[in-house]
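Structure assessment
Here is how the chains run, residue by residue.
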Amino acid sequence: MSSTEVDRWLATGKASEALVTALESSGDASSAVLKVLTSVKKDADVDASLSSLGADNVDALVKHLYAGLALGDAAISAACLRWHERVVNAHGLGGIVRHLSAKDVSASEQ
Amino acid sequence: MAAQPHQLAPVVSCFAVSADLSYLALCPNTSSVTIYRVTQDAANGYSFTQIASLEEHDQLVAGIDWCPVTNKLLTCAHDRNAYVWTRGTTEETWDPVLTILRMQRAALCCQWSPKGNKFAVGTAAKTACVCYYEGENNWWVSKLIKKGLHRSSVVDVRWHPNNMLLATASTDGCARVFFAQIPDADGAASAPCPFSTPLLEVRSDSGAWVHSLDWSPDGSSLAFVAHDATVCVVEGMGAPGFWDDGTDAASRATRVGVKNVRLRGLPMACVWFADAECVVVAGHEGAPMIVSPQGGGSWAAGALLGGGGGARTSKRASQFAEASALFQGGGMLGGHNNGGGADSDAVYVKGKPPSGPHSACVTSIRALPRGKGCAFATAGVDGKLVFWPDQTLAGKMSRMAL
């Protein structure tokens, strides 16, 4: 299962691969993505995994960040806010704009 | 020569230039239209002298277009009216002619057809209409694009160079093309399909509002900008018989190439398809940028022009300073399409005004006549009209005929 693959990447300290695997996993990726977001501790790892992220994955990550913020959990929100600042620094506001203006919003993100 | 900003009004809602750039008409966010005589001298660039103020409308003038063929001025406003203005004996007198739009809601945009015998108006009544002149009564009458074909307001209209097709941009997230030949106006004996037949519908990348669109000079491509910070170029419509082969819109949609460019920053609001290899867009970033084809069929956006958009510091400002600057600076503008990558020191700083000529959203862009030294002009919510010199596009256009 992809969640164990994500665990394996995180265990070996490979944040970039863990993030990409989580974002591209089929089915419900949110729990896997949130696990990566809360597990990666070092700022340098966050920046490194963001710098190599492809455009589609950036947009997907932004959507997961907002879904995570909507959960209301303090620890998850803290991680999401930290990643949010990094994502905007690295990739600009486009992902946020696309998240806000997308017409096909799933119910959980309302 | 740098981009020259001119502050003609507190806000410019829309503007148009005459064919030889001797006159400029704009709406300063009121119900009137101001006409300026434009003079150009080598030392000081452009200067503007106000010569007339057209007061016929009751509400905000949302669209102005100056016909290059007939020199008539077209204005449309939120008061559900449009007027065609003909120049009188002097440059200060402009005589309005009524147009019967039969619209229930505000007019939002208008454009003369390339031959000047028709014009199109997009409205908040979820439809657009095409008007032509009726000589016996000295007025312009409208034919409506059938109701139900748009699901929301039509915010921009663009004629295809062949004078027969009309493209519309709508807040329902789609750009569409309709057949807009009118037998009475175009004098054609027969038409391949009835007026207002839908010929093509392309949805924006995330279904976000389509703000504006423009045809390429040869009519084989259509570029539109949407509120999800994308620029979309629809290609492959140039083959002869593409439009009148009798197939329906859905099948035609499968035969075009749709190329989406996702921007890094804020959405664009206006677009000019300068030539086959150069689409100029401008919008909420407060500066124009060029979108051009890369090898292999995709398109990509360049940097913001004019040194424009947002200030960048290489040191991280303190969070308190950032927060207070956000309130003092009056909102963040621009700069987000640059930075990252090579410019990796760049930090997203809120609240600093952009360093380019514009300081707010650019809402309209107009091509300027060749040979005057400036390629295009932009205007926006900051009231500045900026003329961009030819060098801005140098090297981006496949041919620059000066």
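None of these values were measured; they are calculated from a predicted model.

Each value, and the rule that gives it
- Residues numbered from 1 in each chain as written.
- Chains lettered and ligands numbered in written order.
- Predicted model: local features only at pLDDT ≥ 70, side-chain atom pairs only at ≥ 80, totals over all residues.
- Heavy atoms only, no water.
- Helix = DSSP H or I, 4+ residues; strand = E, 2+ residues; numbered from the N terminus.
- Buried < 20%, exposed > 50% of the residue type's maximum accessible area, 1.4 Å probe, protein only.
- Contact = heavy atoms within 4.5 Å.
- Buried area = accessible area lost by both parts, 1.4 Å probe.
- Salt bridge = Lys/Arg side-chain N within 4 Å of Asp/Glu carboxyl O.
- Polar contact = N/O pair within 3.5 Å; in protein donor to acceptor, adjacent residues only side chain to side chain.
- UniProt positions renumbered as here; feature names shortened; annotations may be inferred.
- Phe/Tyr/Trp six-rings, centres within 6.5 Å; stacked < 30°, edge-to-face > 60°.
- Lys NZ or Arg CZ within 6 Å of the ring centre and 35° of its normal.
- Pairing = 2+ DSSP bridges.
- Axes fitted to C-alpha atoms, helices over the stretch in contact; angles between N-to-C directions.
- Expected span 1.5 Å × (residues − 1).
- Parallel < 35°, antiparallel > 145°, perpendicular 65-115°, else oblique.
- Nonpolar A, V, L, I, M, F, W, Y, C, P; charged D, E, K, R; others polar.
- Disulfide = S-S within 2.5 Å.

**Some points on the overall build of chain B**
A count of helical and extended segments in chain B gives three helices and 28 strands. Scored against the burial criterion, the 402 residues of chain B give a buried share of 55%. Pairs at least 24 residues apart make up 52% of the contacts formed inside chain B by residues separated by at least 6 positions.

**What about helix α7 (residues 94–101) of chain A?**
Residue pairs three or four apart in sequence face the same way in an α-helix, which turns once every 3.6 residues. Burial runs high along α7 of chain A: seven of the eight residues are buried. Of all the positions in α7 of chain A, only Gly94, Gly95, Ile96, Val97, Arg98, His99 and Ser101 of chain A are classed as buried. Buried residues along α7 of chain A sit against α5 (55–70) and α6 (74–91) of chain A together with β20 (230–235) and β21 (257–262) of chain B.

**What to know about the interface of chain B and chain A**
Counting from both sides, the interface comprises 22 residues of chain B and, opposite them, 17 residues of chain A. Both sides together, the interface formed by chain B and chain A hides about 1400 Å², and carbon and sulfur atoms give 45% of it. Where chain B packs against chain A, one counts two salt bridges. Residue arginine 262 of chain B is joined to aspartate 59 of chain A by a salt bridge in which the shortest nitrogen-to-oxygen separation is 2.9 Å.

**Notes on the side chain of serine 25 of chain A**
Residue and element names in this part refer to chain A. As for its placement among the helices and strands, serine 25 is situated in the loop between α2 (15–24) and α3 (30–39). Residue class for serine 25 comes out buried when judged on its relative accessible area of 12%. A polar contact of 2.8 Å, which involves the side chain of serine 25, links it to the backbone oxygen of alanine 22.

**Remarks on the UniProt feature "repeat: WD" (unreviewed entry) in chain B**
All names here are of chain B. Residues given the UniProt feature "repeat: WD" (unreviewed entry) here are residues 54–85 and 150–178. A helix fraction of 0% and a strand fraction of 50% characterise residues 54–85, whose end C-alpha atoms lie 9 Å from each other. Overall, residues 150–178 shows 0% helix and 59% strand. The separation of its end C-alpha atoms is 11 Å.

**Structural notes on the packing of aromatic side chains**
Residue and element names in this part refer to chain B. By the definition in use, this model includes 15 aromatic pairs over all chains. Residues tyrosine 36 and phenylalanine 48 carry aromatic rings whose centres are separated by 6.3 Å and whose planes lie at 85 degrees to one another, so their mutual orientation is edge-to-face. Of this pair, tyrosine 36 sits in strand β4 (residues 33–41) while phenylalanine 48 sits in strand β5 (residues 45–54), placing them 12 residues apart in sequence. Residue class for tyrosine 36 comes out buried when judged on its relative accessible area of 7%. Note on phenylalanine 273 and tryptophan 299: the rings are 6.2 Å apart at their centroids and 85 degrees apart in plane angle, and the pair reads as edge-to-face. With phenylalanine 273 in strand β22 (residues 268–275) and tryptophan 299 in strand β25 (residues 299–304), the pair connects residues that are 26 residues apart, well separated along the chain. Given the relative accessible area of 7%, tryptophan 299 is considered buried. Three or more aromatic residues link up through ring pairs in this structure, and these residues are Tyr36, Tyr46, Phe48 and Phe387. For arginine 252, the ring lying beneath its charged end belongs to phenylalanine 242, and the centroid distance is 5.9 Å.

**Some remarks on the sheet that holds strand β23 (residues 278–283) of chain B**
All names here are of chain B. Spatial ordering of the open sheet is given by β22-β23-β24-β25, a layout of four strands whose pairing is antiparallel. Across the chains shown, the open sheet's two edge strands, defined by having one partner strand only, are β22 and β25. Along the sheet, successive strands turn relative to each other by an average axial angle of 25 degrees, direction set aside. Pairing between β23 and strand β24 (residues 289–293): three bridges, direction antiparallel. Across the sheet, the residue bridging to valine 279 is valine 291, located in β24.

**Side note on α5 of chain A**
Taking 1.5 Å as the rise per residue, α5 of chain A with 16 residues should run 22 Å; its terminal C-alpha atoms sit 23 Å apart, in good agreement. Those residues of α5 of chain A not exposed but buried are Asn57, Val58, Asp59, Leu61, Val62, His64, Leu65 and Gly68 of chain A. Lining the buried residues of α5 of chain A we find α2, α3, α4 (43–51), α6 and α7 of chain A together with β21 of chain B. Glycine 72 of chain A, located one to two residues past α5 of chain A, shows a positive phi value of around 85 degrees.

**A closer look at the pairing of strand β11 (residues 118–123) of chain B**
The two faces of the sheet receive side chains in turn, since in a regular strand these alternate between them. All names here are of chain B. The element β11 is extensively covered by neighbouring structure, given that six of its six residues are classed as buried. Both faces of β11 are covered, namely the face carrying Lys118, Ala120 and Gly122 and the face carrying Phe119, Val121 and Thr123. Of the pairings in the sheet, the one linking strand β10 (residues 107–112) to β11 comprises five bridges and is antiparallel in character. Within β11, the position partnered with cysteine 110 by the bridge is valine 121. Adjacent in sequence and paired antiparallel, β10 and β11 are bridged by five residues, among which glycine 116 carries a positive phi angle near 80 degrees. Two strands pair when backbone bridges link them, and β11 and strand β12 (residues 128–134) are joined in this way by five bridges, in the antiparallel orientation. Opposite valine 121, over in β12, you have cysteine 129 as the bridge partner. Counting the residues between successive antiparallel strands, the hairpin from β11 to β12 contains four residues, one of them, lysine 126, with a positive phi of roughly 60 degrees.

**Section: the packing of α2 of chain A against α5 of chain A**
Two numbers describe a pair of packed helices, the interaxial angle and the distance between the axes. All names here are of chain A. Direction vectors running N to C along α2 and α5 enclose 80 degrees, while the axes themselves pass 10 Å from each other. Relative to α5, α2 is oriented roughly perpendicular. Along its contact with α2, which presents Leu19, Val20, Leu23 and Glu24, the element α5 presents Asn57, Ala60, Leu61 and His64. Tallied by class, the residues present in the contact of α2 with α5 amount to five nonpolar, two polar and one charged.

**Details of the state of the cysteines**
Think of a disulfide as a covalent bridge from one cysteine sulfur atom to another cysteine sulfur atom. Residue and element names in this part refer to chain B. Taken as a whole, this structure holds zero disulfides over all chains when the rule is applied. Here cysteine 76 is not disulfide-linked; the sulfur of cysteine 110 is the nearest cysteine sulfur, at 3.6 Å. Cysteine 270 supplies the cysteine sulfur nearest to cysteine 361, a cysteine that is in no disulfide, at a spacing of 7.5 Å. We classify cysteine 361 as buried; its relative accessible area is 11%.

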